[in-house]
Amino acid sequence: MNLAYVSNLAISVVAASTPLLIAASGELVAEKSGVLNLGVEGMMLVGAIAGFATAHQTGSALLGVGAAALAGMLIAMIFALLTLSFLANQVATGLALTIFGKGFAALLGAGYVGISAPVLHAIPVPLLSQIPFIGHVLFDQNILIYFSFVMLALIAWFLNKTHAGLILRAVGDSHDAAHAMGYPVLRIRYAAVAFGGAMAGIGGAYLSLFYSPLWSQDLTAGRGWIALALVVFSAWRPLWLLVGAYLFGGITFLSLYIQGLGIAVPSPLVSLLPYVGTVVVLVLISRDARRIRLNQPACLGKYFHAVS
Amino acid sequence: MLYRLEPRGERSLFWSYGSPVLAVILTIITMMAIFSLLGKPPVQGIETFLITPISTASGLSSLLVRAAPLIMIGAGLALCYRANVWNIGGDGQFTLGALAGAGLALALPNGAFWWEYPLVLCLGVLGGMFWAGIVAFLKLRFNANEILTSLMLVYIAQLILVWLVTGPWRDPQGFGFPQSAMFGAGATTPDFGTTSIHLGCLLAPLLALVLWQILARSVLGFQLRVVGQAPRAARFAGFSNARLTWIALLVSGGLSGLAGIIEVTGPIGQLTTTITPGYGFSAVIVAFLGRLHPVGVIFAGLLLALSYLGGDAAQINLNMPNAITGIFQGVLLFYLLGADVLILHRFRRIRPSAPEAA
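Residues numbered from 1 in each chain as written. Chains lettered and ligands numbered in written order. Predicted model: local features only at pLDDT ≥ 70, side-chain atom pairs only at ≥ 80, totals over all residues.

The number of helices and strands found in chain A is 14 helices and two strands. A compact globule built from 308 residues should have a C-alpha radius of gyration of about 19 Å, and chain A, at 19 Å, falls within 12% of that. Principal-axis analysis of the C-alpha atoms gives chain A an extent of 65 × 45 × 45 Å. A burial count over chain A gives 52% of its 308 residues as buried. Considering only contacts within chain A whose residues lie at least 6 apart along the sequence, 78% involve residues at least 24 apart. (Helix = DSSP H or I, 4+ residues; strand = E, 2+ residues; numbered from the N terminus. Rg over C-alpha atoms; globule rule 2.2 N^0.38 Å. Buried ≥ 20, exposed ≤ 12 C-beta atoms within 10 Å, placed from the backbone. Contact = placed C-beta atoms within 7 Å.)

Of regular secondary structure, chain B possesses 14 helices and two strands. Scaling as 2.2 N^0.38, a compact globule of 358 residues should have a C-alpha radius of gyration of about 21 Å, and chain B matches this with 22 Å. Dimensions along the principal axes, computed over C-alpha positions, put chain B at roughly 80 × 60 × 35 Å. When burial is assessed residue by residue, chain B has 53% of its 358 residues classed as buried. Sequence-distant contacts in chain B: of pairs separated by 6 or more residues, those separated by 24 or more amount to 79%.

With 11 of 11 residues buried, helix α11 (residues 279-289) of chain B lies mostly within the body of the structure. Restricting attention to buried positions, one finds in α11 of chain B the residues Y279, G280, F281, S282, A283, V284, I285, V286, A287, F288 and L289 of chain B.

Another aspect to go through is the pairing of strand β2 (residues 345-349) of chain B. Residues and elements named next belong to chain B. Little of β2 sits out of view: just zero of its five residues are buried. Where strand β1 (residues 3-7) lies against β2, five bridges are found, and the strand directions are antiparallel. Opposite R4, over in β2, you have R348 as the bridge partner. (Pairing = 2+ DSSP bridges.)

Turning our eyes to something else, we now look at the interface of chain B and chain A. In this complex, chain B contributes 40 residues to the contact, which on the side of chain A involves 42 residues. Of all the elements in the fold, those that place two or more residues in the side of chain B that touches chain A are α5 (116-142), α6 (146-166), α11 and α13 (324-339) of chain B. Classifying every residue of the side of chain B that touches chain A by side-chain character gives 28 nonpolar, 11 polar and one charged. (Nonpolar A, V, L, I, M, F, W, Y, C, P; charged D, E, K, R; others polar.)

Residues and elements named next belong to chain B. Their axes nearest at 8 Å, the elements helix α3 (residues 57-82) and α11 cross at an angle of 60 degrees. Viewed along their axes, α3 and α11 adopt a mutual orientation that is oblique. Crossing of α3 against α11: the hand is right-handed. Residues P69, L70, I73, G74, L77, A78 and Y81 of α3 form the contact with α11, whose participating residues are Y279, G280, S282, A283, V284, V286 and A287. Of the residues in the contact of α3 with α11, the class split is 11 nonpolar, three polar and no charged. (Axes fitted to C-alpha atoms, helices over the stretch in contact; angles between N-to-C directions. Parallel < 35°, antiparallel > 145°, perpendicular 65-115°, else oblique. Left-handed = near helix turned anticlockwise from the far one by under 90°.)

Take unusual backbone geometry next. Residue and element names in this part refer to chain B. One non-glycine residue, N84, lies in the positive phi region at around 60 degrees. Tracing the backbone through its elements, the reader meets N84 in the loop between α3 and α4 (90-107). Despite not being glycine, L292 has its phi angle at roughly 55 degrees, a positive value. Tracing the sequence through the fold places L292 in the loop between α11 and α12 (294-318).

The next subject is the packing of α3 of chain B against helix α10 (residues 241-268) of chain B. The description of two packed helices rests on the angle between their axes and on the distance between the axes. Residues and elements named next belong to chain B. Look at α3 against α10: their axes get within 7 Å of each other, and the N-to-C directions meet at 170 degrees. Relative to α10, α3 is oriented roughly antiparallel. Mapping the contact onto sequence places V65, A68, P69, M72, I73, A75, G76, L77, L79 and C80 in α3 and A248, L249, V251, S252, L255, S256, L258, A259, I262, E263 and P267 in α10. Looking at side-chain class alone, the contact of α3 with α10 contains 17 nonpolar, three polar and one charged residues.

Attention now moves to helix α2 (residues 42-50) of chain B. Residue and element names in this part refer to chain B. The set of residues buried in α2 consists of G45, I46, T48 and F49. Projected down its long axis, α2 carries its buried residues within an arc of 160 degrees, all on one side. Those residues of α2 that are buried are in contact with α1 (13-37) and α12. (Arc of directions from axis to C-beta.)

Attention now goes to the environment of L168 of chain A. Residues and elements named next belong to chain A. As for its placement among the helices and strands, L168 is situated in helix α7 (residues 163-173). Accessibility expressed as a C-beta count within 10 Å gives 25 for L168, which makes it buried. Separated by 135 residues in sequence, L168 and S33 have C-alpha atoms that sit 5.3 Å apart. Once residues within four sequence positions are removed from consideration, L168 is found in contact with K32, S33, I188 and A192.

Glancing now at the environment of C122 of chain B. Residues and elements named next belong to chain B. Position of C122 among the secondary structure elements: in helix α5. Taking the C-beta count within 10 Å as the criterion, C122 has 18 such neighbours and is therefore assigned partly exposed. The sequence separation of C122 and L249 amounts to 127 residues, and the corresponding C-alpha distance is 17 Å.

Before going further, it helps to examine the environment of N8 of chain A. With respect to the helices and strands, the residue N8 of chain A is situated in helix α1 (residues 3-32). The exposure class of N8 of chain A is exposed, given the 11 C-beta atoms found within 10 Å.

On average, chain B scores 89 in pLDDT, and the residues at 70 or more come to 96%. Interface predicted TM-score (ipTM) for the complex: 0.88; the corresponding pTM is 0.90. (pLDDT = per-residue confidence, 0-100.)

The structure is reproduced here in structure tokens:
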């Protein structure tokens, strides 16, 4: 097993992990503010088609990414309006967002099946990309892969080291106390949901503009749901999100790899791996109910209605 | 802000039934707007979507055929949601039910026993129960979130189906198409006369009515209501949460499995790679639109079935993608969830002169 082979392997794992990492980091921020948005799958699909269509029309993959972020944010606002202003149940509304997003993406994408769009190209980082092995794996990639790392670091810093992050966590842990202290609970939550939507949209655009650069109706194949499971897996800590996303990227890659080897395992059974893996990981992580209770934002999924 | 939400302090009976009606009206208006945005005449569009499909006798029977699985799955989900169990894996339980029953139907020589068909149905129910039972077990034993596990099991069931129809169960005479052999006459859901209406169309509302009676008259139904509406009270009363979770998931899994086996032995007639167009997710809307009540589920199931037929009609007559069905369903659920705020709250106008947050 030579070095080039191992580095190609590592690159494939990075490629499979990135959409999960981007979507999950957005959801992490939303959940930290106390909002459980189960619509990640729908937002990713809308982002994927918005990005693909924009890239096709304008010829710029980067504009596509921008459009995906905007589209994800806009559709997340429907969710925010219903759950935050109309006090709708977050679980049901998130499901509605996924159902609507799937239909909406399929409608928008009806004219884009079988068409190609510009893809995201690798942008080597000067000097760093010259480092043997690591340089090729981590610093000779497309912009969204860098983006996923930078955003995760920013989110970790924001949540743990800044005053604004502290307020956001306070809103998620006790909206009544935060409200009593004069913080605008709803406005903060709107912002967090919008951020989550933008990130999910970008995660979708990564799929349609780089990972499998063609539009198909079920492009995300459950990745939005896996991203949600990752947030639970991480126990709402950014660093563990990275570990989880790469674990799943590894599993996804492994399933592709086994198929490529031509071993006599039927391909549908190999494709099961990421989904079975999600269940197994959820079971292992959730077994300790106290740990989940201690780490989960205390107001996650609860609605807030200021009396005065 | 000109209006402010204000708690009513009680449930509004009017709005708990008025909200679905309001949601349907708003959805129709929104759909008309979407039709005109897409360059189609809005009135003709909505007519094609909601009226054309059921303007003929054969259209009406297709409506019942489409509604049968939605009602069966929806009734089970209504039970789950009452107990605060978020089963969203109806499609997985549907698929596993279809696989369990189909396995027997394909293994037995045609017309082996007269009770082959009932046995196939029973296996379908058991298959669905098994798949939902995994969710219950993981939730109760390991505290695993049922939303995520039930959903992952949808993908897993679908991939098992694809594996079976492309591998072990592929019809040797099927020219290599990914589908099983047709089921024999001994394992086929009977139709009524020359229509496409089958046994399931009768069974679905019947089962919903039975479920309604059980919920309305038994201690179990009472316990489910308490657990859903006041979990703390239920704990003090000593109701076993684990037992209710098991019951809710097994019943809903069994109903979804039954829907699955009836669908493949009836309208489809064989196993293919796509046996559900997302009934399990639409049934979530059916359950909410039907106010988590089995009788409401029957009406809601009919409406959602219509949205499937409407999507097909829009595709054929208006040359639109049938994804319009998903839009209709998503928009409907959005409006419903938004309108539900009126059950516990009212909008109070804030007079400009009055100081806010007094």
